[in-house]
Amino acid sequence: MYSYKFRMYPTKEQEVLLSKHFGSVRFVYNHFLNQRKEAYQTNEETLNYFANAKELTNLKQEEEFVWLKEINSQTLQATLKNLDSAYNSFFKGLARFPNFKSKKNFKQSFRVPQSVFVENGKLQIPKFKGGIKIKLHREMQGNIKFATISKNSTGQYFVSLTVERENNIPQTTNNKAVGIDLGIKDLIICSDGKKYHNLKSKKTLEKRLKLLQKRLSKKVKGSSNRIKAKTKLAKIHNKIANQRANHIHQITNKLTHDNQVIAMEDLNVKGMVRNHKLANSLSDVAFGEIQRQLEYKLSWRGGAVIKINRFYPSSKTCSNCGWINQNLKLSDREWTCQSCGCNHDRDLNASQNILWYALKTNTAGMAEIQACGLPNYGRTEQSLRSSGRLKQEAPMPLGSV
Ligand SMILES: [Zn+2]
């Protein structure tokens, strides 16, 4: 549980209604405290919350108390619960006998236990039509559980919104999830169509690298010229490594800034040797580093990387209908689904499948992302069940991230 406190700017009309809420809460608390006290003193009867709530309903029907109808009934019920727990604490020896609330000792506040939300800079609660203007000086994360509205001694109004954060669900900053596929030609292909290229200057530097290596081999061992050539070569190596590191940092910064959830194939080192895509040893290092950076950067930002089983056929599967193209060759950059006729860019299709599969097999992430309105790529659970794909692999919990 976590609370955000915001200043509220009610209209004159709303101020009147707020004032009625403060007063009614105090009235209900005192009225039922008195009733409980009397019931106990006269009949040695202990009234509980339910007895109070029933009586409150009756009270509202009486002409004398008809003004209670103007008040959010959930707020009044919350007051009864508050009284009930004060009573219970007393009987457990945890607190003193509840006091009557006077105008002096009463903190002007009331609780709205449900139907609370913020929309267009306004706090929406029952009975307050149009909502109350609030100043959202910071972004909220989590689901609002209840609101506590208060007025301080200088006449300022505040709302404290208590939210529930679930740790296993990535916290939302911009509600976006992306699937990424790693490759040689394009370093990263995103399910939203973005592509990140391999470092371009690498080729020119590699040319220079080869030249220097050639020169070095011609130098006499132990000569000062050889030492000079070696130093030059080391500098080039260093430059390439730095550029590559910089490039990867820029990409992972961008990806983790733009997305809350990133789905990717799990690149375990053992498996990498067998993976055709990762034949290039330089790429091996880059891919491992990309994964490492995405994980720690997203965890800083409150997001998460969802890793999926590398043996899920992300390239061969049609992201539109789920049909599997068993004949897809490594050289096929584009292909057409024989089931639905959809034409696919190989890598884009793979990244979309990776995202889709990650969300499908990760229930926590799924709930979060569905709330963001992510497309289902035209597939239904039914079509997947019938193709047998849903049962094939065990879900990978977020905890494994
Ligand atoms: Zn298809």
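In the block above lies the structure referred to throughout.
A short tour of the structure in this document, coming up. Because the structure is predicted, anything quoted here is derived from the model rather than measured.

Scoring rules and cut-offs
- The numbers attached to residues start from 1 for each chain and follow its sequence in the written order.
- Thresholds applied to this predicted model are a pLDDT of at least 70 for local features of residues and 80 or more for the giving and counting of side-chain atom pairs; totals over whole chains, interfaces and linings are not thresholded and use all residues.
- Numbering of helices and strands starts at the N terminus; helices are DSSP runs of H or I of at least 4 residues and strands are runs of E of at least 2.
- Put plainly, a residue is buried at 20 or more neighbouring C-beta atoms within 10 Å of its own, exposed at 12 or fewer, and partly exposed in between, counting only other residues' C-beta atoms, which are placed from the backbone.
- This entry defines residue contacts through backbone-placed C-beta atoms, with two residues in contact when those atoms are within 7 Å.
- Axis lines are fitted through C-alpha atoms, for helices just across the contact stretch, and the angle between N-to-C directions can take any value from 0 to 180 degrees.
- Angular relationships are summarised with four words: roughly parallel below 35 degrees, roughly antiparallel beyond 145, roughly perpendicular across 65 to 115, and oblique for the angles in between.
- The crossing is said to be left-handed when, going from far helix to near helix, the turn is anticlockwise and less than a right angle, and right-handed when the turn is clockwise.
- Under the convention adopted here, Pro, Cys and the residues Ala, Val, Leu, Ile, Met, Phe, Trp and Tyr are nonpolar, Asp, Glu, Lys and Arg are charged, and Gly plus all remaining residues are polar.
- Strands qualify as paired when DSSP identifies two bridges or more between them.
- Only buried residues count toward a nonpolar core: Ala, Val, Leu, Ile, Met, Phe, Trp, Tyr and Cys, linked into one set through C-beta atoms within 7 Å.

### Examining the overall build of the protein chain
A count of helices and strands for the protein chain gives eleven helices and 14 strands. Looking at the protein chain residue by residue over its 401 residues, the buried ones come to 25%. Here the analysis covers contacts within the protein chain between residues at least 6 apart in sequence; of these, 67% occur between residues at least 24 apart.

### Section: the packing of helix α1 (residues 12-43) against helix α3 (residues 73-91)
Axis separation between α1 and α3 bottoms out at 9 Å; the angle between their running directions is 40 degrees. As judged from the angle between their axes, α1 and α3 are oblique. Crossing of α1 against α3: the hand is right-handed. In contact with His21, Ser24, Val25, Val28, Tyr29, Phe32, Leu33 and Arg36 of α1, α3 contributes Thr75, Leu76, Thr79, Leu80, Leu83 and Tyr87. Tallied by class, residues from the contact of α1 with α3 come to nine nonpolar, four polar and one charged.

### A word on the pairing of strand β1 (residues 2-9)
Here seven bridges tie β1 to strand β7 (residues 157-164), and the two strands are oriented antiparallel to one another. Within the sheet, the bridge partner assigned to Arg7 lies in β7 and is Phe158. Here β1 pairs with strand β5 (residues 132-134) via two bridges, running antiparallel. Each bridged residue has a counterpart across the sheet, and for Met8 the counterpart in β5 is Ile134.

### Points about the nonpolar core
Ranked by size, the top nonpolar core spans 33 residues in total, and within it Ile180, Ile262, Ala263, Ile354, Leu355 and Ala358 carry the most contacts. Among the elements of the structure, β8 (177-182), β9 (186-190), α5 (224-258), β11 (261-265), α7 (281-300), β12 (304-308) and α8 (346-361) are those that each provide at least two residues to this core. Ignoring any residue separated from it by four or fewer positions in sequence, one finds Ile262 in contact with Val178, Ile180, Leu255, Leu294, Leu298 and Val305. Listed in part, the 23 residues of the second largest apolar core include Leu18, Tyr29, Ala147 and Tyr157.

### A short note on the packing of helix α2 (residues 49-61) against α3
Contact geometry of α2 with α3 gives a least axis separation of 10 Å together with a crossing angle of 150 degrees. In terms of orientation, α2 and α3 fall into the roughly antiparallel class. Relative to α3, the crossing made by α2 is right-handed. Residue-level inspection shows Tyr49, Asn52, Ala53 and Leu56 of α2 in contact with α3, the latter providing Leu76, Gln77, Leu80, Lys81 and Asp84. Each residue belonging to the contact of α2 with α3 can be placed in one class, and the counts come to five nonpolar, two polar and two charged.

### A closer look at the sheet that holds β1
The seven strands lie next to each other as β2-β6-β7-β1-β5-β4-β3, forming an open sheet whose pairing is antiparallel. Two strands close off the open sheet at either side, each with one partner strand: β2 (109-112) and β3 (117-119). The sheet shows a mean angle of 35 degrees between the axes of neighbouring strands, direction not considered. As paired elements, strand β4 (residues 122-124) and β5 share two bridges and run antiparallel to each other. By the bridge assignment, Leu123 is partnered in β5 with Ile132. The sheet strands contacting α1 are β2, β5, β6 (143-151) and β7, and the helix crosses β2 at an angle near 95 degrees.

### A short note on unusual backbone geometry
Backbone geometry places Ser115, a non-glycine residue, at a positive phi of 55 degrees. The topology assignment puts Ser115 in the loop between β2 and β3.

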